[in-house]
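Chain by chain, the residues run as shown.
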Amino acid sequence: MGTTFVEITGCRRREINTEGIIDCDAEYAFTRGQCHALALALHRLTGWQLYGLYKPNERGTPSHTVVRSPDGEYIDINGNNALKDWREYYPAVKPKAVTEAQVLEFENDDYVKPDIKAAMPYAKALASKYGKTRRAQLRIPFVR
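Right, let's walk through the structure included here. Being a predicted model, the structure only gives us computed values, none of them experimental. (Residues numbered from 1 in each chain as written. Predicted model: local features only at pLDDT ≥ 70, side-chain atom pairs only at ≥ 80, totals over all residues. Heavy atoms only, no water.)

### Some words on the packing of aromatic side chains
Point 1. Under the definition given, this model contains four aromatic pairs.
Point 2. Taking the centre distance of 5.6 Å and the plane angle of 70° together, the rings of Phe106 and Tyr111 count as edge-to-face. Like Tyr111, Phe106 is buried.
Point 3. Over the ring of Tyr90 we find Lys55, and its NZ or CZ is 4.1 Å from the ring centre.
Point 4. Over the aromatic face of Tyr54 sits the side chain of Lys96, whose NZ or CZ is 5.7 Å from the ring centroid. (Phe/Tyr/Trp six-rings, centres within 6.5 Å; stacked < 30°, edge-to-face > 60°. Buried < 20%, exposed > 50% of the residue type's maximum accessible area, 1.4 Å probe, protein only. Lys NZ or Arg CZ within 6 Å of the ring centre and 35° of its normal.)

### Focus on helix H3 (residues 82-89)
Point 1. Within H3 the residues assigned to the buried category are Ala82, Leu83 and Trp86. Seen end-on, H3 carries its buried residues on one side only, within an arc spanning 90°. In H3, those exposed residues whose orientation departs by more than 90 degrees from the buried face are Lys84 and Glu88.
Point 2. Buried positions along H3 lie against strand E3 (49-54), strand E4 (64-68), strand E5 (74-75) and strand E6 (94-98). (Helix = DSSP H or I, 4+ residues; strand = E, 2+ residues; numbered from the N terminus. Arc of directions from axis to C-beta. Contact = heavy atoms within 4.5 Å.)

### Remarks on the environment of His43
Point 1. With respect to the helices and strands, the residue His43 is situated in helix H2 (residues 35-46).
Point 2. For His43 and Glu58, which are 15 residues apart along the polypeptide, the C-alpha to C-alpha distance reads 23 Å.

### Topic: the pattern of salt bridges
Point 1. With the rule as written, the count across this model stands at two salt bridges.
Point 2. Linking Arg14 and Asp25 is a salt bridge whose minimum nitrogen-to-oxygen distance equals 3.0 Å. One end of the pair, Arg14, is in strand E2 (residues 12-17); the other, Asp25, is in helix H1 (residues 24-29), and eleven residues separate them in sequence. (Salt bridge = Lys/Arg side-chain N within 4 Å of Asp/Glu carboxyl O.)

### Topic: the sheet that holds E5
Point 1. Strand order in the open sheet made by the four strands is E5-E4-E3-E6, with antiparallel pairing throughout. The strands lining the two open edges of the sheet, one partner per strand, are E5 and E6.
Point 2. Bridge count for E4 against E5 is two bridges, and the pairing is antiparallel. Of the residues in E5, the one forming a bridge with Val67 is Ile75.
Point 3. Sitting on the sheet, H2 touches E3, E4 and E5, and the angle it makes with E4 is about 15°. (Pairing = 2+ DSSP bridges. Axes fitted to C-alpha atoms, helices over the stretch in contact; angles between N-to-C directions.)

Structural data, given as structure tokens:
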């Protein structure tokens, strides 16, 4: 199995596998500075809407970035309970739709340059588990 390093918060790097196998290293990387990379990869792959999870009084850059599936599930590296999981710690967290351009501009101590290439294998694994890819959604049925 191949590995790669991704930048995470605190000027550190984390080694993750390149196969999209969600393990503790991937969970750590995509919840510590690369959540927006995973959300962007999922968005590009599936077309699902990007969302920022904002704590009260947060403006601009959110605490966490996820996508929302057509079923209304908020998805991150830990699966389809992202909003519920965050509300366990921050009951007042609010999801807000954001654009790809906005996500690419997110900057604070918790966000680093998004490594979308490293995130893509994980996005494919999550899209496979929780929905269809954009290509499958756009497939037009044959009509005689």
